[in-house]
Amino acid sequence: MSFAVPVANPPRAARATNRANHLSMEGAYDVAARVKSITATGRHIADLSIGEPSFPTPEHVVDAGLRALRDGDTRYTPVAGIEPLRSAIAESLRARGIAGAHADNVVVTPGAKPALLYSLLAFLDPGDEVLIPDPGFPAYASIAAFAGAKIVNYNAGNAVGVDIDDIADRITPRTRLLVLNSPGNPSGGTLDHASIEQLADIAERHDLAVISDECYGRLVYGDVTAAPSIAATGRLIDRTIVVDSFSKTYAMTGWRLGFALAPARLVGALQRFAVNGHSCTPGFVQRAGVAALTGSQGP
(Lines give C-alpha, C1' and ligand atoms only; values in the text may rest on other atoms or scores of the structure.)
Protein backbone atom coordinates (compact mmCIF):
# COMPACT_ATOMS: atom_id res chain seq x y z
CA MET A 1 0.00 0.00 0.00
CA SER A 2 1.30 3.45 -0.91
CA PHE A 3 0.49 6.81 0.62
CA ALA A 4 0.58 10.28 -0.92
CA VAL A 5 3.34 12.33 0.62
CA PRO A 6 2.84 16.11 0.84
CA VAL A 7 5.33 18.01 -1.26
CA ALA A 8 7.00 20.79 0.71
CA ASN A 9 8.12 22.67 -2.39
CA PRO A 10 5.73 22.08 -5.29
CA PRO A 11 7.20 22.12 -8.79
CA ARG A 12 7.32 25.46 -10.54
CA ALA A 13 4.66 24.32 -12.98
CA ALA A 14 2.18 23.91 -10.10
CA ARG A 15 2.71 27.36 -8.63
CA ALA A 16 0.37 30.29 -9.19
CA THR A 17 1.80 33.27 -11.02
CA ASN A 18 2.66 36.51 -9.28
CA ARG A 19 -0.21 38.08 -11.21
CA ALA A 20 -2.70 35.65 -9.68
CA ASN A 21 -1.33 36.37 -6.23
CA HIS A 22 -2.11 40.07 -6.67
CA LEU A 23 -5.82 39.26 -6.58
CA SER A 24 -7.35 39.12 -3.12
CA MET A 25 -10.39 37.36 -1.71
CA GLU A 26 -13.30 39.09 0.03
CA GLY A 27 -13.73 38.52 3.74
CA ALA A 28 -17.48 39.11 3.45
CA TYR A 29 -17.89 35.74 1.78
CA ASP A 30 -16.06 34.01 4.62
CA VAL A 31 -18.27 35.80 7.14
CA ALA A 32 -21.41 34.86 5.17
CA ALA A 33 -20.38 31.20 5.14
CA ARG A 34 -19.75 31.32 8.89
CA VAL A 35 -23.17 32.91 9.45
CA LYS A 36 -24.87 30.12 7.51
CA SER A 37 -23.06 27.44 9.48
CA ILE A 38 -24.09 29.04 12.79
CA THR A 39 -27.72 29.66 11.78
CA ALA A 40 -27.92 26.01 10.72
CA THR A 41 -27.52 25.14 14.40
CA GLY A 42 -30.66 27.14 15.23
CA ARG A 43 -29.06 30.34 16.44
CA HIS A 44 -30.30 33.70 15.15
CA ILE A 45 -27.69 36.06 13.74
CA ALA A 46 -28.07 39.53 12.21
CA ASP A 47 -26.18 38.99 8.96
CA LEU A 48 -24.27 42.14 8.00
CA SER A 49 -21.78 40.40 5.72
CA ILE A 50 -22.88 40.61 2.07
CA GLY A 51 -25.27 43.23 0.68
CA GLU A 52 -28.27 40.96 0.22
CA PRO A 53 -31.73 42.60 -0.08
CA SER A 54 -34.29 41.44 2.46
CA PHE A 55 -37.03 41.06 -0.17
CA PRO A 56 -37.28 38.47 -2.99
CA THR A 57 -36.88 39.16 -6.69
CA PRO A 58 -40.18 40.74 -7.90
CA GLU A 59 -42.61 38.17 -9.27
CA HIS A 60 -42.90 39.74 -12.72
CA VAL A 61 -39.12 39.59 -13.08
CA VAL A 62 -39.03 35.91 -12.12
CA ASP A 63 -41.90 35.21 -14.54
CA ALA A 64 -40.01 36.87 -17.39
CA GLY A 65 -36.95 34.72 -16.72
CA LEU A 66 -39.00 31.52 -16.54
CA ARG A 67 -40.91 32.42 -19.70
CA ALA A 68 -37.63 32.98 -21.55
CA LEU A 69 -36.36 29.58 -20.39
CA ARG A 70 -39.53 27.86 -21.53
CA ASP A 71 -39.30 29.67 -24.87
CA GLY A 72 -35.83 28.20 -25.39
CA ASP A 73 -33.78 31.31 -24.66
CA THR A 74 -30.82 29.19 -23.61
CA ARG A 75 -28.37 29.85 -26.46
CA TYR A 76 -25.51 32.27 -26.93
CA THR A 77 -26.39 35.96 -26.94
CA PRO A 78 -24.50 38.95 -28.41
CA VAL A 79 -21.32 39.80 -26.53
CA ALA A 80 -22.56 43.28 -25.57
CA GLY A 81 -26.01 42.03 -24.58
CA ILE A 82 -29.38 41.81 -26.29
CA GLU A 83 -30.69 45.02 -27.83
CA PRO A 84 -33.92 45.22 -25.77
CA LEU A 85 -31.94 45.18 -22.53
CA ARG A 86 -29.28 47.63 -23.71
CA SER A 87 -32.03 50.01 -24.84
CA ALA A 88 -33.89 49.65 -21.54
CA ILE A 89 -30.68 50.32 -19.62
CA ALA A 90 -29.93 53.41 -21.70
CA GLU A 91 -33.46 54.73 -21.19
CA SER A 92 -33.20 54.11 -17.45
CA LEU A 93 -29.91 56.00 -17.27
CA ARG A 94 -31.31 58.91 -19.24
CA ALA A 95 -34.16 59.07 -16.71
CA ARG A 96 -31.43 59.39 -14.06
CA GLY A 97 -30.04 62.44 -15.83
CA ILE A 98 -27.31 60.83 -17.97
CA ALA A 99 -28.36 62.37 -21.27
CA GLY A 100 -25.48 60.78 -23.17
CA ALA A 101 -26.59 57.22 -22.43
CA HIS A 102 -27.22 55.21 -25.61
CA ALA A 103 -27.72 51.50 -26.21
CA ASP A 104 -24.59 51.28 -28.36
CA ASN A 105 -22.49 52.37 -25.37
CA VAL A 106 -23.82 49.66 -23.03
CA VAL A 107 -22.01 46.37 -22.40
CA VAL A 108 -24.02 43.84 -20.36
CA THR A 109 -22.11 41.57 -17.99
CA PRO A 110 -22.90 38.69 -15.59
CA GLY A 111 -22.92 40.93 -12.54
CA ALA A 112 -21.19 44.25 -11.94
CA LYS A 113 -17.84 42.71 -10.99
CA PRO A 114 -16.90 41.76 -14.57
CA ALA A 115 -17.85 45.29 -15.61
CA LEU A 116 -15.51 46.66 -12.92
CA LEU A 117 -12.75 44.25 -13.94
CA TYR A 118 -12.97 45.13 -17.62
CA SER A 119 -13.27 48.86 -16.95
CA LEU A 120 -10.22 49.01 -14.69
CA LEU A 121 -8.20 46.92 -17.15
CA ALA A 122 -9.32 49.18 -20.00
CA PHE A 123 -8.10 52.31 -18.21
CA LEU A 124 -4.96 51.19 -16.36
CA ASP A 125 -1.48 50.35 -17.57
CA PRO A 126 1.28 49.11 -15.25
CA GLY A 127 2.68 52.01 -13.26
CA ASP A 128 -0.41 54.20 -13.56
CA GLU A 129 -1.80 55.61 -10.33
CA VAL A 130 -5.45 55.11 -9.44
CA LEU A 131 -7.40 56.95 -6.73
CA ILE A 132 -9.53 54.49 -4.75
CA PRO A 133 -11.97 55.25 -1.90
CA ASP A 134 -11.06 54.13 1.61
CA PRO A 135 -13.11 52.56 3.06
CA GLY A 136 -14.23 51.03 -0.20
CA PHE A 137 -15.28 47.91 -2.07
CA PRO A 138 -12.33 45.45 -1.92
CA ALA A 139 -12.46 44.60 -5.63
CA TYR A 140 -11.20 48.05 -6.64
CA ALA A 141 -7.78 47.63 -5.08
CA SER A 142 -7.59 43.94 -5.95
CA ILE A 143 -8.18 44.52 -9.66
CA ALA A 144 -5.97 47.61 -9.78
CA ALA A 145 -3.08 45.62 -8.26
CA PHE A 146 -3.73 42.87 -10.81
CA ALA A 147 -3.41 45.49 -13.56
CA GLY A 148 -0.04 46.57 -12.16
CA ALA A 149 -1.25 50.00 -11.10
CA LYS A 150 -0.25 51.92 -7.98
CA ILE A 151 -3.15 52.25 -5.53
CA VAL A 152 -3.61 55.65 -3.90
CA ASN A 153 -6.35 55.64 -1.27
CA TYR A 154 -8.41 58.72 -0.51
CA ASN A 155 -10.75 59.49 2.39
CA ALA A 156 -14.28 58.28 1.62
CA GLY A 157 -15.68 58.38 5.11
CA ASN A 158 -17.32 61.79 5.48
CA ALA A 159 -20.99 62.76 5.22
CA VAL A 160 -21.04 63.46 1.47
CA GLY A 161 -19.04 60.39 0.54
CA VAL A 162 -15.53 61.70 -0.14
CA ASP A 163 -13.04 64.30 0.98
CA ILE A 164 -12.60 66.48 -2.13
CA ASP A 165 -9.45 68.19 -0.84
CA ASP A 166 -7.90 64.83 0.01
CA ILE A 167 -8.44 63.66 -3.57
CA ALA A 168 -6.91 66.83 -5.02
CA ASP A 169 -3.87 66.57 -2.73
CA ARG A 170 -3.11 63.01 -3.87
CA ILE A 171 -3.01 63.65 -7.61
CA THR A 172 0.38 63.36 -9.31
CA PRO A 173 1.49 63.41 -12.98
CA ARG A 174 1.05 59.61 -12.99
CA THR A 175 -2.57 59.68 -11.79
CA ARG A 176 -4.72 58.14 -14.52
CA LEU A 177 -8.01 57.17 -12.93
CA LEU A 178 -10.45 58.24 -10.21
CA VAL A 179 -12.79 55.57 -8.84
CA LEU A 180 -16.03 56.89 -7.33
CA ASN A 181 -18.68 54.91 -5.47
CA SER A 182 -21.86 56.77 -4.56
CA PRO A 183 -23.73 55.77 -2.48
CA GLY A 184 -20.62 54.26 -1.01
CA ASN A 185 -19.96 50.69 0.04
CA PRO A 186 -19.61 50.33 3.01
CA SER A 187 -19.95 53.92 4.26
CA GLY A 188 -23.27 54.78 2.64
CA GLY A 189 -22.00 58.31 1.97
CA THR A 190 -23.58 59.89 -1.11
CA LEU A 191 -22.12 62.64 -3.25
CA ASP A 192 -24.19 65.80 -3.54
CA HIS A 193 -24.39 67.92 -6.69
CA ALA A 194 -21.87 70.47 -5.44
CA SER A 195 -19.27 67.76 -4.73
CA ILE A 196 -19.86 66.19 -8.13
CA GLU A 197 -19.21 69.51 -9.87
CA GLN A 198 -15.98 69.91 -7.89
CA LEU A 199 -14.88 66.41 -8.84
CA ALA A 200 -15.71 67.09 -12.48
CA ASP A 201 -13.49 70.19 -12.33
CA ILE A 202 -10.64 68.11 -10.88
CA ALA A 203 -11.04 65.36 -13.52
CA GLU A 204 -10.96 67.89 -16.36
CA ARG A 205 -8.07 69.88 -14.93
CA HIS A 206 -5.87 66.82 -14.45
CA ASP A 207 -7.14 64.83 -17.45
CA LEU A 208 -8.39 61.93 -15.32
CA ALA A 209 -10.56 59.05 -16.39
CA VAL A 210 -13.43 58.15 -14.03
CA ILE A 211 -15.15 54.93 -13.06
CA SER A 212 -18.44 55.64 -11.28
CA ASP A 213 -19.74 52.60 -9.39
CA GLU A 214 -23.46 53.24 -8.98
CA CYS A 215 -24.64 49.80 -7.85
CA TYR A 216 -26.43 51.39 -4.87
CA GLY A 217 -27.57 54.43 -6.85
CA ARG A 218 -31.29 53.61 -6.69
CA LEU A 219 -31.33 53.04 -2.92
CA VAL A 220 -32.32 56.58 -2.00
CA TYR A 221 -34.93 58.27 0.17
CA GLY A 222 -37.38 61.12 -0.26
CA ASP A 223 -38.58 62.44 -3.60
CA VAL A 224 -35.46 61.60 -5.61
CA THR A 225 -35.34 58.38 -7.64
CA ALA A 226 -31.55 58.02 -7.87
CA ALA A 227 -28.38 59.42 -6.37
CA PRO A 228 -26.60 62.10 -8.44
CA SER A 229 -24.16 60.73 -11.03
CA ILE A 230 -20.98 62.42 -12.22
CA ALA A 231 -21.89 61.22 -15.71
CA ALA A 232 -25.02 63.38 -15.56
CA THR A 233 -22.94 66.56 -15.66
CA GLY A 234 -22.39 65.94 -19.38
CA ARG A 235 -18.84 67.22 -19.06
CA LEU A 236 -17.18 63.86 -18.45
CA ILE A 237 -19.23 61.50 -20.61
CA ASP A 238 -16.25 60.94 -22.93
CA ARG A 239 -13.96 59.88 -20.06
CA THR A 240 -16.32 58.11 -17.64
CA ILE A 241 -17.49 54.52 -17.34
CA VAL A 242 -20.62 54.01 -15.25
CA VAL A 243 -20.89 50.56 -13.66
CA ASP A 244 -24.22 49.38 -12.29
CA SER A 245 -26.05 46.22 -11.29
CA PHE A 246 -29.53 44.78 -10.95
CA SER A 247 -28.56 43.02 -7.71
CA LYS A 248 -29.51 45.57 -5.07
CA THR A 249 -32.36 47.51 -6.68
CA TYR A 250 -34.26 44.45 -7.88
CA ALA A 251 -33.03 41.80 -5.41
CA MET A 252 -31.33 39.91 -8.24
CA THR A 253 -28.01 39.12 -6.54
CA GLY A 254 -27.99 35.48 -7.63
CA TRP A 255 -29.13 36.22 -11.17
CA ARG A 256 -25.78 37.91 -11.87
CA LEU A 257 -26.66 40.84 -14.11
CA GLY A 258 -24.79 44.12 -14.45
CA PHE A 259 -23.49 46.49 -17.09
CA ALA A 260 -21.07 49.22 -18.04
CA LEU A 261 -21.92 52.44 -19.86
CA ALA A 262 -18.73 53.46 -21.65
CA PRO A 263 -17.48 56.10 -24.08
CA ALA A 264 -17.72 54.93 -27.70
CA ARG A 265 -13.96 54.52 -28.07
CA LEU A 266 -13.83 52.11 -25.10
CA VAL A 267 -16.80 49.90 -25.96
CA GLY A 268 -14.66 47.75 -28.25
CA ALA A 269 -12.10 47.17 -25.50
CA LEU A 270 -14.81 46.14 -23.04
CA GLN A 271 -16.27 43.76 -25.61
CA ARG A 272 -12.85 42.18 -26.20
CA PHE A 273 -12.49 41.58 -22.47
CA ALA A 274 -16.04 40.23 -22.37
CA VAL A 275 -15.63 37.76 -25.23
CA ASN A 276 -12.46 36.40 -23.63
CA GLY A 277 -13.77 36.51 -20.07
CA HIS A 278 -17.35 35.24 -20.16
CA SER A 279 -18.48 35.10 -23.83
CA CYS A 280 -21.96 36.43 -23.10
CA THR A 281 -24.61 36.89 -20.42
CA PRO A 282 -27.43 34.27 -20.33
CA GLY A 283 -30.42 35.30 -22.41
CA PHE A 284 -33.09 34.38 -19.86
CA VAL A 285 -31.32 36.52 -17.25
CA GLN A 286 -31.25 39.45 -19.65
CA ARG A 287 -34.98 39.03 -20.37
CA ALA A 288 -35.60 39.19 -16.64
CA GLY A 289 -33.55 42.39 -16.61
CA VAL A 290 -35.77 43.92 -19.29
CA ALA A 291 -38.81 43.11 -17.15
CA ALA A 292 -37.14 44.66 -14.10
CA LEU A 293 -36.47 47.97 -15.88
CA THR A 294 -39.72 48.24 -17.83
CA GLY A 295 -42.14 46.76 -15.29
CA SER A 296 -43.49 48.12 -12.02
CA GLN A 297 -40.95 50.08 -9.99
CA GLY A 298 -43.08 50.00 -6.87
CA PRO A 299 -42.43 48.07 -3.65
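A brief report on the enclosed structure follows. (Residues numbered from 1 in each chain as written. Predicted model: local features only at pLDDT ≥ 70, side-chain atom pairs only at ≥ 80, totals over all residues. Heavy atoms only, no water.)

Quick look at the overall build of the protein now. Each helix and strand in the protein was counted, giving ten helices and seven strands. Taking 299 residues into account, the globule formula puts the C-alpha radius of gyration at 19 Å, and the protein, at 20 Å, falls close to it. Its C-alpha atoms give the protein principal-axis dimensions of about 75 × 50 × 45 Å. Residues counted as buried form 46% of the 299 residues belonging to the protein. (Helix = DSSP H or I, 4+ residues; strand = E, 2+ residues; numbered from the N terminus. Rg over C-alpha atoms; globule rule 2.2 N^0.38 Å. Buried < 20%, exposed > 50% of the residue type's maximum accessible area, 1.4 Å probe, protein only.)

With 30 residues, the main nonpolar core has Leu124, Val130, Leu177 and Ile241 as its most contacted residues. Residue assignment for this core shows that the elements contributing at least two residues are α5 (112–123), β2 (129–134), α6 (138–146), β4 (175–181), β5 (209–213), β6 (240–245) and α9 (264–277). A total of six residues in this core trace back to one element, the largest contributor, which is α5. If you look at the next biggest cluster of nonpolar residues, it comprises 23 residues, including Ile82, Ile89, Ala231 and Leu257. (Core = buried A, V, L, I, M, F, W, Y, C linked by side-chain atoms within 4.5 Å.)

In this structure the tally under the stated criterion is four aromatic pairs. Arranged with centres 5.9 Å apart and planes meeting at 15°, the rings of Tyr118 and Phe273 form a pair that is stacked. Residue Tyr118 is found in helix α5, and its partner Phe273 is found in helix α9; the two are separated by 155 residues along the sequence. Plain terms: the ring middles of Phe137 and Tyr140 are 5.7 Å apart, the flat faces sit at 80° to each other, and that makes the pair edge-to-face. (Phe/Tyr/Trp six-rings, centres within 6.5 Å; stacked < 30°, edge-to-face > 60°.)

Moving on: helix α10 (residues 283–294). Here α10 is twelve residues long and its end C-alpha atoms lie 17 Å apart, about the 16 Å a rise of 1.5 Å per residue gives. The buried fraction of α10 is high, at nine of twelve residues. When we look at burial in α10, the residues that qualify are Gly283, Val285, Gln286, Ala288, Gly289, Val290, Ala291, Ala292 and Leu293. Against the buried residues of α10 lie α3 (59–70), α4 (83–95) and β1 (106–109). (Expected span 1.5 Å × (residues − 1). Contact = heavy atoms within 4.5 Å.)

Our focus in this paragraph is the sheet that holds strand β7 (residues 258–261). Across the sheet, which stays open at both edges, the seven strands sit in the order β1-β7-β6-β5-β4-β2-β3 with mixed pairing between neighbours. In this open sheet, the two edge strands, each paired with only one partner strand, are β1 and β3 (150–155). Averaged over all adjacent pairs, the angle separating strand axes in this sheet is 20°, with direction ignored. The sheet contact formed by β1 and β7 spans four bridges and is antiparallel. The residue of β7 that forms the bridge with Val107 is Ala260. Sheet strands in contact with α6 are β2, β3, β4 and β5, and its direction is about 165° off that of β2. (Pairing = 2+ DSSP bridges. Axes fitted to C-alpha atoms, helices over the stretch in contact; angles between N-to-C directions.)

Moving on, we get to the pattern of salt bridges. Pairing is possible between side chains of opposite charge, provided their charged atoms come close. In this structure the tally under the stated criterion is nine salt bridges. Its salt-bridge partner being Arg287, residue Asp73 comes within 3.6 Å of it at the nearest N-O pair. In this pair, Asp73 sits in the loop between α3 and α4 while Arg287 sits in helix α10, placing the two residues 214 residues apart along the sequence. Judged by relative accessible area, which is 36%, Arg287 ranks as partly exposed. Here Glu129 makes a salt bridge to Lys150, at a shortest N to O gap of 3.9 Å. With Glu129 in strand β2 and Lys150 in strand β3, this pair connects stretches of sequence that are 21 residues apart. (Salt bridge = Lys/Arg side-chain N within 4 Å of Asp/Glu carboxyl O.)

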